[in-house]
Amino acid sequence: MRGDPDRLRLPYFPDHAALFVEARALPLSCAVAISPRNSVDDQGTIVAIERTLSIIKPDATERNIVGLIIVRLESAGLQVIAQKRVRWKKKDAKKFYDVHKGQPFYKDLVNFMTSGPIVLQVLEGENAILRNREVMGATNPVDALPGTIRKDFGVNLQRNSVHGSDSEKTAKREIALCFKKSEIVG
Ligand code: CMP
């Protein structure tokens, strides 16, 4: 992992402590060969190549700013390896946002996410989960840093233009909910 080059985490087996590898014990070529989804940065540190789920929300498709948002993602080094424009049914949005069930905003969130087309994407890149969250900015556009998608395009907490997975576990779940393996071309 970045910042701790002696201890590597294999990105596709995140829950198995046994799969932590002491890099010191391996020639670099061996360590890289363990997972083709790692890369080495210019300091020689092995960096996790991750995948994350991104959604361009109805407020953005309505304003025809999908392309502007994709430019931000690609400029940050994230590659779109799957993408489709869909209109969710209530059952899709309820399932996707199941974690928020019981929250006061859940019903409005489901209504909003089914109010128009959305663009589902799988993004791939170095530390893609965190990088995408940095590019998106804080959930509420008023709290987001200048230059982030939500600051520049978001309207309010609900109409905040984009969603991105918040962890490796969530990314796996969300990608599996939205895409078949055959639709992801990395
Ligand atoms: P998103 O990243 O898609 O995850 C859940 C969404 O719920 C969030 O972005 C917001 O758009 C929306 N939301 C609405 N109200 C709230 C709230 N009070 N706290 C967090 N998220 C909210």
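This is a predicted model, so every value here is computed, not measured. (Residues numbered from 1 in each chain as written. Predicted model: local features only at pLDDT ≥ 70, side-chain atom pairs only at ≥ 80, totals over all residues. Heavy atoms only, no water.)

Asker: Tell me what's going on with the site of the ligand, and back it up with residues and numbers.
Answerer: Around the ligand sit K57, Y97, H100, F105, L109, T139, R150, L157, Q158, N160 and H163, and that is every residue in its neighbourhood. Taking L157, its main chain carries an N or O atom lying 2.7 Å from an oxygen atom of the ligand. Here an oxygen atom of the ligand and a side-chain polar atom of H163 are 3.1 Å apart. According to the grid-proximity analysis, the pocket containing the ligand is the largest pocket. (Near = heavy atom within 4 Å. Polar contact = N/O pair within 3.5 Å; in protein donor to acceptor, adjacent residues only side chain to side chain. 1 Å grid on protein atoms, 1.4 Å probe; cavity = no way out; pocket = protein on both sides within 12 Å on 5 of 7 lines; lining within 4 Å. Sits in = over half its atoms within 2 Å of the grid points.)

Asker: Kindly report on the environment of K172, identifying the contributing residues and their values.
Answerer: Structurally, K172 can be placed in helix α8 (residues 168-178). In the structure, K172 is positioned 119 residues away from L53 in sequence and 8.2 Å away in space, judged by C-alpha atoms. (Helix = DSSP H or I, 4+ residues; strand = E, 2+ residues; numbered from the N terminus.)

Asker: Give a description of the packing of aromatic side chains that names residues and reports values.
Answerer: Counting across every chain of the model gives two aromatic pairs. Centre to centre, the rings of W88 and F96 are 5.1 Å apart; their planes meet at 45 degrees, and the pair counts as tilted. Considered together, W88 and F96 belong to a single accessibility category, that of buried residues. Through a chain of ring-to-ring contacts, the aromatic side chains of W88, F96 and Y97 assemble into a single cluster. The ring of F179 is capped by K84, whose NZ or CZ atom sits 4.7 Å from the centre of that ring. (Phe/Tyr/Trp six-rings, centres within 6.5 Å; stacked < 30°, edge-to-face > 60°. Buried < 20%, exposed > 50% of the residue type's maximum accessible area, 1.4 Å probe, protein only. Lys NZ or Arg CZ within 6 Å of the ring centre and 35° of its normal.)

Asker: For the layout of surface pockets, give the residues involved together with the corresponding values.
Answerer: Over the atoms a probe the size of a water molecule is rolled, and this reveals where empty space is left. There is about 580 Å³ of room inside the largest pocket. In terms of lining, the largest pocket is formed by 24 residues, of which the most central are Y97, H100, F105, L109 and H163. Of all the secondary-structure elements, those providing two or more residues to the lining of the largest pocket are α5 (106-113), α6 (128-136), β7 (162-164) and α8. A breakdown of the residues in the lining of the largest pocket according to their chemical character gives eight nonpolar, eight polar and eight charged. (Points joined across faces, edges and corners; volume = space filled by probe spheres on them. Nonpolar A, V, L, I, M, F, W, Y, C, P; charged D, E, K, R; others polar.)

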